[in-house]
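# Coordinates in review
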Amino acid sequence: MSYRTEEVAYVQPAQPAASAQASQAAQQQRSTAEYRALDAAHHIHPFSDMGSLNRSGSRVIVKAQGVYLWDSEGNKVIDGMAGLWCVNVGYGRKELADAAYKQMQELPYYNTFFKTTHPPVIELSALLAELAPEAFNHFFYCNSGSEGNDTVLRIVHQYWATQGKHSKKFVISRKNGYHGSTIAGGTLGGMGYMHEQMPSKVENIVHIDQPYFFGEAQGNLTPEEFALARAQQLEAKILEIGADNVAAFIGEPFQGAGGVIFPASTYWPEIQRICRKYDILLVADEVIGGFGRTGEWFAHQHFGFEPDLITLAKGLTSGYVPMGAVGLHDRVAKAIIENGDFNHGLTYSGHPVAAAVAVANLKLLRDEKIVDRVKNDTGPYFQKQLRETFANHPIIGEISGTGLVAGLQLAQDPKARKRFANGGDVGTICRDFCFNGNLIMRATGDRMLLSPPLVINKLEIDEIVSKAKKAIDATAQQLGIS
Ligand SMILES: *Cc1c(COP(=O)(O)O)cnc(C)c1O
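Just so you know, these numbers come straight off a predicted model, no measurement behind them. (Residues numbered from 1 in each chain as written. Predicted model: local features only at pLDDT ≥ 70, side-chain atom pairs only at ≥ 80, totals over all residues. Heavy atoms only, no water.)

A separate point is the site of the ligand. Around the ligand, the neighbouring residues are Ser144, Gly145, Ser146, Asn149, Tyr178, His179, Gly180, Glu252, Asp285, Val287, Ile288 and Lys314. A distance of 2.9 Å separates an oxygen atom of the ligand from a polar backbone atom of Gly145. Taking Tyr178, its main chain carries an N or O atom lying 3.4 Å from a nitrogen atom of the ligand. Considering the ligand on its own, with 380 Å² of exposed area, one finds that the protein chains cover 83% of that surface. Counting residues per element, the shell around the ligand draws most heavily on helix 7 (residues 145-162), at 3 residues. When the residues that make up the shell around the ligand are grouped by side-chain class, the tally is 3 nonpolar, 6 polar and 3 charged. (Near = heavy atom within 4 Å. Polar contact = N/O pair within 3.5 Å; in protein donor to acceptor, adjacent residues only side chain to side chain. Areas by Shrake-Rupley, 256 points an atom, 1.4 Å probe, with all protein chains shown as cover. Helix = DSSP H or I, 4+ residues; strand = E, 2+ residues; numbered from the N terminus. Nonpolar A, V, L, I, M, F, W, Y, C, P; charged D, E, K, R; others polar.)

This is the structure in structure tokens:
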């Protein structure tokens with residue numbers, strides 16, 4: 001098949017001839033123009049300016065394999081974002097399709113509410129307990145990262161109720177953090193533009209500043225000193241509210257959607273120290289960081305801290321089907337388990353098809369040593385290529401990241417840490433050059449983000465880095481900087 005990559009690890013789905021023909025026919029039914037017209041007429045996209053999108057028209061993605069996507073015009077695009085940070089095992093893995101097909105025939109759905117359970121959710125829970133750090137042995141399921149963080153709030157409040165500490169109600173989060181887009185997820189997150197559109201928010205959620213050194217450090221602070229100061233804002237906020245009123249702190253180990261912002265090594269140990277000192281639960285939102293992104297199974301392991309709760313989604317199923325989860329540290333799980341009803345659940349909590357796909361996905365990550373490869377081989381190679389390629393580049397201010405995630409800070413004057421006055425516009429210019437160069441690279445304001453499938457090989461990494469270089473060079477040229 002023409003769309004196979006040179007990567008031997010990918011198995012081509014062996015479809016029966018009839019269904020292959022049927023799916024081909026379905027894909028070839030409409031021209032790009034027809035797709036765009038219907039999309040504009042009937043589909044409201046997430047996080048989009050629909051008027052503007054409908055005028056320019058969406059790119060129609062029709063298939064994918066490995067780290068590549070194909071659009072309806074036949075363009076082959078390298079996916080530097082693993083979809084939305086989620087397709088960790090890459091596209092086209094037959095093992096996941098087979099797991100879903102088999103489970104749909106065996107038991108497509110049953111609930112786990114009323115004294116029932118089923119094999120896939122049991123297998124998944126046992127496997128997660130095996131893969132997660134030792135103290136994480138219990139998991140609650142939902143359908144997304146947002147629902148995971150809603151669930152976190154429920155667990156946090158239930159936990160403090162079981163401890164008789166009913167006044168512990170406040171949750172502290174961070175500006176420019178992302179925790180999803182349900183009302184609770186959006187409120188927990190610190191994205192100003194989302195808060196502006198949300199008149200009614202969840203109560204008792206407050207924010208401290210983010211550990212964004214390049215953009216926010218003043219004076220001569222080192223990255224370590226700055227990160228420590230930002231962590232200590234947590235202590236100040238706790239003292240302001242009163243430790244008896246604070247239930248939890250939540251943060252992404254590194255901020256993903258906020259721009260792949262990596263705090264210096266001093267940050268998380270200090271956050272943990274403060275949480276322990278004031279008896280506050282520490283929640284790591286691992287929705288992006290989980291399942292190998294940093295070369296560790298979970299990003300908090302990279303940063304060396306021990307959360308009480310972890311939020312999971314995205315890489316849990318590599319995005320093949322929706323699923324989210326919350327992992328509970330033994331000390332939290334014990335309190336929840338031993339203290340009566342936990343009044344929370346979703347129709348699809350532990351959905352058998354999602355659970356079966358998650359099991360197949362996690363086994364691939366484990367058995368093909370994909371996470372190990374990110375840590376020891378492809379991750380270091382990716383980071384080295386980026387840092388070498390963009391060393392002394394006229395508009396690259398810093399490169400953040402580890403493993404297979406990176407943020408490239410666009411800057412007016414990199415050495416002086418001076419950002420562009422119109423950073424968002426510059427990011428958009430760069431993203432458009434990537435788009436036209438058949439590279440998916442995301443822009444968050446003036447930071448360009450990469451988070452490719454974890455199965456990417458070195459040749460494909462070279463392709464991403466050289467396409468990113470072309471786009472960033474073209475951006476500098478358009479801005480008249482060289
Ligand atoms: C994507 C994301 C979420 C939300 O997940 P959804 O599945 O989109 O609801 C939550 N937290 C983080 C860190 C994320 O990146």
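So, next bit.
A few words now on the nonpolar core. Leu124, Phe249, Leu362 and Leu408 are the most contacted members of the largest nonpolar core, which has 100 residues in total. With near-sequence residues (within four places) excluded, Leu362 lies in contact with Leu124, Leu127, Leu128, Leu131, Phe291, Trp297 and Leu316. Within the second largest apolar cluster, 22 residues are counted, among which are Val156, Ala247, Ala248 and Ala333. (Core = buried A, V, L, I, M, F, W, Y, C linked by side-chain atoms within 4.5 Å. Buried < 20%, exposed > 50% of the residue type's maximum accessible area, 1.4 Å probe, protein only. Contact = heavy atoms within 4.5 Å.)

Pairing is mixed in the open sheet, where 7 strands are placed in the order 4-10-9-8-7-5-6. Looking at strand neighbours, the two that pair on one side only are strand 4 (136-142) and strand 6 (205-208), the edges of this open sheet. Taken pair by pair, the neighbouring strands of this sheet meet at an average axis angle of 25 degrees, ignoring direction. As judged from the 3 bridges shared by strand 5 (residues 170-174) and strand 7 (residues 246-251), these two strands associate in the parallel manner. Counterpart to Phe170 in the pairing with strand 7 is Val246. (Pairing = 2+ DSSP bridges. Axes fitted to C-alpha atoms, helices over the stretch in contact; angles between N-to-C directions.)

Our focus in this paragraph is the domain arrangement of the protein chain. Taken domain by domain, the protein chain comprises domain 1 (96-367) and domain 2 (370-478). On a C-alpha basis, the centres of domain 1 and domain 2 stand 27 Å from each other. Note on domain 1 versus domain 2: buried area summed over both sides is about 2100 Å², and carbon and sulfur give 60% of it. For the domain 1 face of the interface with domain 2, the top three residues by lost area are Phe214, Val260 and Arg293, together amounting to 38%. Counting every contact that joins domain 1 to domain 2 gives 11 residue pairs in polar contact (both at pLDDT 80 or more). Broken down by secondary-structure element, the contributors of at least two residues to the side of domain 1 that touches domain 2 are helix 10 (213-216) and helix 15 (352-367). Of all the elements, helix 10 adds the most residues to the side of domain 1 that touches domain 2, at 3 residues. Looking at the side of domain 1 that touches domain 2, its residues break down into 13 nonpolar, 9 polar and 2 charged. (Domains from an automatic or database assignment. Buried area = accessible area lost by both parts, 1.4 Å probe.)

Taken in spatial order, the 4 strands line up as 1-2-3-13 in an open sheet, and their pairing is mixed. Each edge of the open sheet is held by one strand with a lone partner, namely strand 1 (61-65) and strand 13 (439-440). With 3 bridges connecting them, strand 2 (residues 68-71) and strand 3 (residues 76-79) associate as antiparallel partners. Bridging across to strand 3, Trp70 finds its partner in Lys76. Sheet strands touched by helix 18 (residues 458-478): strand 2, strand 3 and strand 13. Its angle to strand 3, the strand with the most contacts, is close to 100 degrees.

A few words on unusual backbone geometry. One non-glycine residue, Asp279, lies in the positive phi region at around 60 degrees. Residue position: Asp279 is located in the loop between helix 12 (267-277) and strand 8 (281-285). You will see that Lys314, though not glycine, has its phi angle at about 30 degrees, which is positive. Take Lys314: it is sitting in the loop between strand 9 (309-312) and strand 10 (324-329).

Let's shift gears to empty space enclosed by the protein. Throughout the structure, instances matching the rule amount to 1 cavity of 30 Å³ or more. When its volume is computed, the largest cavity comes out at roughly 30 Å³. Together, Arg36, Asp39, Ala40, Leu53, Asn54, Gly57 and Ser58 line the largest cavity. Mapped by element, the contributors of at least two residues to the lining of the largest cavity are helix 2 (32-42) and helix 3 (50-56). Residue contributions to the lining of the largest cavity peak at 3 residues, all from helix 2. (1 Å grid on protein atoms, 1.4 Å probe; cavity = no way out; pocket = protein on both sides within 12 Å on 5 of 7 lines; lining within 4 Å. Points joined across faces, edges and corners; volume = space filled by probe spheres on them.)

Before going further, it helps to examine the packing of aromatic side chains. The tally for this structure, following the rule as stated, stands at 12 aromatic pairs. Considering the side-chain rings of Tyr109 and Tyr348, the 5.7 Å spacing of their centres and the 90 degrees angle between planes classify their relative orientation as edge-to-face. Taken together, the residues span a long stretch of sequence, with Tyr109 in the loop between helix 5 (94-106) and helix 6 (119-131) and Tyr348 in the loop between helix 14 (330-337) and helix 15 at a distance of 239 residues. Between Phe140 and Phe342 the ring centres are 5.8 Å apart and the planes differ by 85 degrees, which places this aromatic pair in the edge-to-face class. Of this pair, Phe140 sits in strand 4 while Phe342 is found in the loop between helix 14 and helix 15, placing the two residues 202 residues apart along the sequence. (Phe/Tyr/Trp six-rings, centres within 6.5 Å; stacked < 30°, edge-to-face > 60°.)

Let's shift gears to the pattern of salt bridges. Enumeration according to the criterion identifies 25 salt bridges in this entry. A salt bridge links Lys334 to Glu338, with the nearest nitrogen and oxygen atoms 3.5 Å apart. Overall, Glu338 belongs to the exposed group, its relative accessible area being 52%. Residue Glu398 is joined to Arg447 by a salt bridge in which the shortest nitrogen-to-oxygen separation is 2.9 Å. (Salt bridge = Lys/Arg side-chain N within 4 Å of Asp/Glu carboxyl O.)

The next thing to look at is the packing of helix 17 (residues 423-436) against helix 18. Put simply, helix 17 and helix 18 touch, their axes get as near as 8 Å, and they point 135 degrees apart. The orientation of helix 17 relative to helix 18 falls into the category oblique. In terms of crossing hand, the pair formed by helix 17 and helix 18 is right-handed. Counting all contacts with helix 17, which are made through Val426, Ile429, Cys430, Phe433 and Cys434, the residues of helix 18 involved are Ala471, Ile472, Ala474, Thr475 and Gln478. Residues that form the contact of helix 17 with helix 18 fall into these classes: 8 nonpolar, 2 polar and no charged. (Parallel < 35°, antiparallel > 145°, perpendicular 65-115°, else oblique. Left-handed = near helix turned anticlockwise from the far one by under 90°.)

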